[in-house]
Amino acid sequence: MESDRPLERRLVTSLFLDIVGSTDLMLRISPERLKRVLDEAFGDLSGVIAEHGGTVEKYIGDAIFAVFGVPTGRADDPLRALRAAEACAQLAEARSEDRVPFAVRIGVETGQVLVDLDAAETDRERMIVGPSVNLAARLQAAADPGHILVGPDCHEATANRAGFESVGELGLKGIGTVAAWRLLSTAGSAQVEPGFVGREEEFGRLQDALQHARAGRSVLALIIGPPGQGKSRLVGQFVAGLAEMPKLVARCRPEAEQGSLTPLKQLLADNSALPEPEVLLARLAELFPEPRERDRIAAALMHSAGLPGAPQPLPSNPIELQDEVLNGWKRYLSALGRRSLVLVWIEDLHWAEPQLLRLVDRLTVGSDTPLLVLGTARPELAGTTSLRPGPDRIFIELEPLGPTDAEELARQAGALGAASVSRAAGNPLFIVELARSRRATDEEIPVTLHAAIAARIDELPRQDREILQRAAVAGETFGLRDAALLAGRDPGEVSGALGRLVHAGYVIAVEQGYRFDHPLVHDVAYGRLSLAERMHLHARYAREGADPEDAEALAHHWWRALGEPDASWVWEDERELAHLRRAAYEAHLAAGRRHSARFAQERAVEVLERALTFGAGPADVAKVERELGMAYARNAQGDAAWEHRMLAIAACRDAGLTPPASLYAETVTIPVFNYAFTRSMPDEAVVMNVITEGQQVARSSGDEASLAMLLILEGYYVGDAGKAGTALELIDRASDPLPYADTLARLATVQMLAGDVAASDENYRRVEALFDAGATIDELEYLAYRVTSQLLLARIDEATAGAERFLALSEAMGAHLRTHALQPRCSIAMATGDWALAASMGQETAEVVEANPETPFCIRGAMATAQGAVAALVQGDRQTAEDLVALTERMIKPGLQRAYAMFLPSVMLGRPADPAEAMPLPGTITRPWQRQLVDPGYLNLAVGVVIGDRTEARPRALEHLRVFGKNGSLTASALAEAVGGDTESLRAMGFIGLVELLSWSSRR
């Protein structure tokens, strides 16, 4: 429901005054005299109220109800109300006669109310409604004769301008317990002078940050202060004085109000309009001539900013993806700064998404990239754990301006003198607003920022004020079309009004249209809209104003239109409400998907949970739960991902629908491929049931792609490559095998891990042919396992070529994937006896790990450092070996994989090492978490068993080798012979390093 009468929310101060003892007077004097006394009193009291800027809303028996802030608001309305109350009390005392005693009791409170603008301009009856009105009335009833009781908000607004005495907490009827104060005096009360400080110290600290960055460090300087304290002005003046250098600027905004222009997009656009992918790619081509490096960095940048058209896919693993994004930005900023320092300026970091704060944090911790990041934020960011303290961090708390600086700012803003400067308490925005205000007098003081801005807004003609307030619905930045649509007026008329608003300093003309002069001006203007009008305007903008392709903006406006608790009251037409909720649901679902795709997982979860409130039934819930599962999976929260995907399956059933086979496949990836992301593994019987049911659905629906993946998942889960045989048949009979290339690669990996090296090799070759024909695969994952496969097949040259390609690709990668590439080359070097190379690969891995303390690492990185320790021991460097073993132990959590990585170097160091902890019994390896994926033939463990003379473990080690040897691994067969004493085959194949290690026990 939307009222036909114009309504606004205003910050007003309510005053209730009651004449004490009128009933007693009636018993002592005549009715005629009593009427004369009351008429004179009401006339005098009303005159006092009017003199102080108040408006009498109504007379209620012996009482007066007056408001300050309607029809026109002033910055010091709370103080005006207190002065009026004090004057009324003094008037009553002065008029009191011995025979006709006269006194008043008064209650005053400040707060948001709903104002009927027509009533405010005509009869003033029932013109305002709000909780603060009721509180003022209750305070008046609780006051003693001659006393003025003040509520908490009014007291807070005037604490520095009046004297008070606390009366404690009062129990007020219908309201509850409220703190209250008795007004003592407003006359002669001086404002408490704040601790003013100049800006010299802040500029000096920024100069220190600049010099630190120029010395080759990445530095974050964070300027913290309350709204209007001059954070942006300080940074702007500092940046303006710098020499030519690359400058990237962005501004954060709350929720999805920023629309598609996210902070990272702004940085890539170099503070222009939306960045065009083609322009960005052309810029990167100049910075990175090597195509593979350029494409990798472009993919990371474009993915993080949500830009389409990335030249290649990124890893699906969330940890690796975050790493790639960080690495992409590091390399991009490094390239921009090849000739000079790079400066990044991000405003309002208190509204930043968590992933942006994490990126800023990691970019400026322990990095030698010449980079200066300047950030501004409100005090609430100061306690965040996202930005850690450190030597490359400078946190500047911005205090109020000192008198000299404040007077200069007032002069530039148009003030005729310095009198108003002290009343602004050093807050730059207060100073500017007072200087601009035509109504401000020497007696007025901006007691709150809200009041100062509201006072300026009230200076506008009503039509211009309505345009300003309605345009705020579109956001801090808006266009002429937006303002005309929301105001419901002709664009020509609105254009003239916007010109006046620009001239008066309420908005600024920008490339995209118009922008509010300050975010808080926008907030106050927006907050004055009534709830019903605000909701209707958001709905109108979602339907007719917002870009239909901008799902994030649509979701924001639909939530504002329908997300309030009173939505069912505002939208009385149930059919219309149902239609609107459907549009809101679709927008939130699409926005959640987009947030998730650009790795803004926290925001994705928030938006998707809102989508659940708009769903019309289980079918809608199923879609949202599936997307929630994806968001949690991408954020490495395996337990939540499993839970929400299972909820999606259940919701499909509740809707009478068959869950899609692809949903089953997604669900099972958690315990099968991403088990490291879970705290507690799902029950195995439940997992198997999901696999079985998913395969049934895939068969009945004809979804052969999902069926093939589910079969592979089952084979991997139970440790039996044979169970994935049917998947191969599906791939073989596909009319177009290209879409199955990645599935085939997973099948080959599963076969290799299960010991069927020959079958795995055949399918890997098919993958290579499909890749050459244009198929898309995760080449990084493919190379990691393919090199292992070739090493098991004793194809040292092919394995080396694959490892070298992996290393080349990893040049543009983040830390985690860089260790993935170092490990295969390190394994080959160790197996062939190139100890210098193996040691260097292990040491480089250690350097990557140490340089990225926040990046989690896995068995691949741990195996590289462990094998580096082995190489160091062979070369006689025991201290390096011990250091690398200690790092290996820190890199992965306790369990089979850590035990496996640590076993060989621990044996060589003479430390306790139990092979049973690192080597399950043959035939018992049935679950993914019971395997280590780097050395599936357990070659290193077999060598360690021999070196350590662990005779009890030899049979089990040999059994592993024989299983792999029987199914095509020439290396495993040769090593089994060598364990028995015959090293001829192993030498002939070129595995000199393994032969040398087998004799270590006699040489150490």
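Residues numbered from 1 in each chain as written. Predicted model: local features only at pLDDT ≥ 70, side-chain atom pairs only at ≥ 80, totals over all residues. Heavy atoms only, no water.

**Looking at the overall build of the protein**
Counting its secondary structure elements, the protein contains 48 helices and 16 strands. Counting across all 1004 residues of the protein, residues that qualify as buried make up 57%. Across the protein, contacts joining residues at least 24 apart in sequence account for 69% of those joining residues at least 6 apart. Only carbon and sulfur atoms are counted for the fraction: they give 50% of the accessible area of the protein, which is about 40100 Å². (Helix = DSSP H or I, 4+ residues; strand = E, 2+ residues; numbered from the N terminus. Buried < 20%, exposed > 50% of the residue type's maximum accessible area, 1.4 Å probe, protein only. Contact = heavy atoms within 4.5 Å. Areas by Shrake-Rupley, 256 points an atom, 1.4 Å probe, with all protein chains shown as cover.)

**Side note on empty space enclosed by the protein**
Summed over the entire model, instances satisfying the criterion amount to 8 cavities of 30 Å³ or more. Quantified by volume, the second largest cavity comes out at close to 210 Å³. Looking at the second largest cavity, it is lined by 18 residues, and the ones nearest its centre are Leu 791, Ser 827, Val 934, Asp 935 and Leu 939. Among the elements of the structure, α35 (779-792), α37 (815-832), α39 (859-874) and α43 (939-947) are those that each provide at least two residues to the lining of the second largest cavity. Looking at side-chain class alone, the lining of the second largest cavity contains 12 nonpolar, 5 polar and 1 charged residues. (1 Å grid on protein atoms, 1.4 Å probe; cavity = no way out; pocket = protein on both sides within 12 Å on 5 of 7 lines; lining within 4 Å. Points joined across faces, edges and corners; volume = space filled by probe spheres on them. Nonpolar A, V, L, I, M, F, W, Y, C, P; charged D, E, K, R; others polar.)

**With respect to the sheet that holds strand β14 (residues 477-478)**
Spatially, the 3 strands line up as an open sheet ordered β14-β16-β15, and their pairing is antiparallel. Strands at the two margins of the open sheet, each flanked by one partner only, are β14 and β15 (507-510). Bridge count between β14 and strand β16 (residues 513-516): 2 bridges; the pairing is antiparallel. In the sheet register, Phe 478 faces β16, and the bridge partner there is Tyr 514. (Pairing = 2+ DSSP bridges.)

**Description of the packing of helix α25 (residues 574-597) against helix α27 (residues 618-634)**
Axis separation between α25 and α27 bottoms out at 9 Å; the angle between their running directions is 15 degrees. Looking at the two axes, α25 sits roughly parallel to α27. Handedness of the crossing formed by α25 with α27: left-handed. From α25, Arg 582, Tyr 585, Leu 589, Arg 593, Ser 596 and Ala 597 reach across to α27, where they touch Asp 620, Lys 623, Val 624, Glu 627, Met 630, Ala 631 and Arg 634. Considering only residue class, the contact of α25 with α27 consists of 6 nonpolar, 1 polar and 6 charged. (Axes fitted to C-alpha atoms, helices over the stretch in contact; angles between N-to-C directions. Parallel < 35°, antiparallel > 145°, perpendicular 65-115°, else oblique. Left-handed = near helix turned anticlockwise from the far one by under 90°.)

**Brief notes about helix α36 (residues 796-809)**
Between its first and last C-alpha, α36 extends 20 Å over 14 residues, near the 20 Å set by a 1.5 Å rise per residue. What α36 keeps buried is the set Ile 796, Ala 799, Thr 800, Gly 802, Ala 803, Phe 806, Leu 807 and Leu 809. On its buried side, α36 packs onto α11 (291-305), α35, α37, α38 (835-851) and α46 (984-989). (Expected span 1.5 Å × (residues − 1).)

**Considering the pattern of salt bridges**
Opposite charge on two side chains allows them to pair when their charged atoms are near. Evaluated as defined, the whole model comprises 46 salt bridges. Close ionic contact of Arg 462 with Glu 466 constitutes a salt bridge, the shortest N to O distance being 3.4 Å. In this pair, Arg 462 and Glu 466 both sit in helix α18 (residues 462-471), 4 residues apart, roughly one turn of the helix. Classification of Arg 462 by relative accessible area gives partly exposed; the value is 24%. Taking the shortest distance from any N to any O, the salt bridge between Arg 489 and Glu 466 comes out at 2.7 Å. Here Arg 489 is found in the loop between α19 (480-487) and α20 (491-504), whereas its partner Glu 466 is found in helix α18, with 23 residues between them in sequence. Exposure remark for Arg 489: the relative accessible area of 18% places this residue in the buried category. (Salt bridge = Lys/Arg side-chain N within 4 Å of Asp/Glu carboxyl O.)

**Details of the pairing of β16**
Bridging between β15 and β16 involves 4 bridges; their strand directions are antiparallel. Looking at β16, one finds that Ile 508 is bridged to Arg 515. Between β15 and β16, which pair antiparallel and follow one another directly, the connecting turn spans 2 residues.

**Quick word on the packing of α37 against α39**
For the pair α37 and α39, interaxial distance at closest approach is 8 Å and the crossing angle is 35 degrees. Between α37 and α39 lies a crossing whose hand is left-handed. Contacts between α37 and α39 involve Thr 819, His 820, Gln 823, Cys 826, Ser 827 and Met 830 from the former and Arg 860, Gly 861, Met 863, Ala 864, Gln 867, Gly 868 and Val 870 from the latter. A breakdown of the residues in the contact of α37 with α39 according to their chemical character gives 5 nonpolar, 7 polar and 1 charged.

**Thoughts on the nonpolar core**
Core analysis: the largest hydrophobic core is formed by 198 residues, its most contacted members being Trp 558 and Leu 975. The element that contributes the greatest number of residues to this core is helix α31 (residues 704-718), accounting for 10 residues. Among residues more than four places away in sequence, those in contact with Leu 975 are Leu 939, Ala 942, Val 943, Leu 961, Leu 986 and Leu 998. With 42 residues, the next largest nonpolar core counts Leu 222, Leu 307, Leu 333 and Leu 357 among its residues. (Core = buried A, V, L, I, M, F, W, Y, C linked by side-chain atoms within 4.5 Å.)

**Things to note about the packing of aromatic side chains**
Counted by the stated rule, this structure contains 9 aromatic pairs. Between Phe 478 and Tyr 514, the ring centres sit 5.8 Å apart and the planes meet at 25 degrees, which makes this aromatic pair stacked. With Phe 478 in strand β14 and Tyr 514 in strand β16, the pair connects residues that are 36 residues apart, well separated along the chain. Each member of the pair, Phe 478 as well as Tyr 514, carries the same accessibility label: buried. Taken together through their ring pairs, the aromatic side chains of Phe 478, Tyr 514 and Phe 516 make up a single cluster. The positively charged end of Arg 860 is found above the aromatic ring belonging to Tyr 785, 4.9 Å away from the centroid. (Phe/Tyr/Trp six-rings, centres within 6.5 Å; stacked < 30°, edge-to-face > 60°. Lys NZ or Arg CZ within 6 Å of the ring centre and 35° of its normal.)

**Overview of the pairing of strand β2 (residues 55-60)**
The sheet contact formed by β2 and strand β3 (residues 63-68) spans 5 bridges and is antiparallel. Counted as the bridge partner of Ile 60 is Ala 63 from β3. In sequence, β2 turns back onto β3 through a hairpin of 2 residues, with Gly 61 there showing a positive phi of about 60 degrees.

**Considering the environment of His 212**
Positionally, His 212 belongs in helix α7 (residues 200-214). In the structure, His 212 is positioned 160 residues away from Leu 372 in sequence and 8.7 Å away in space, judged by C-alpha atoms. Residues contacting His 212, with those up to four places away along its chain left out, are Arg 217, Val 219, Pro 391 and Asp 392.

**Observations concerning the side chain of Gln 355**
Of note, Gln 355 is situated in helix α13 (residues 354-363). Classification of Gln 355 by relative accessible area gives buried; the value is 14%. Within the local environment of Gln 355, its side chain forms a polar contact with the side chain of Glu 353, the two groups lying 2.4 Å apart. (Polar contact = N/O pair within 3.5 Å; in protein donor to acceptor, adjacent residues only side chain to side chain.)

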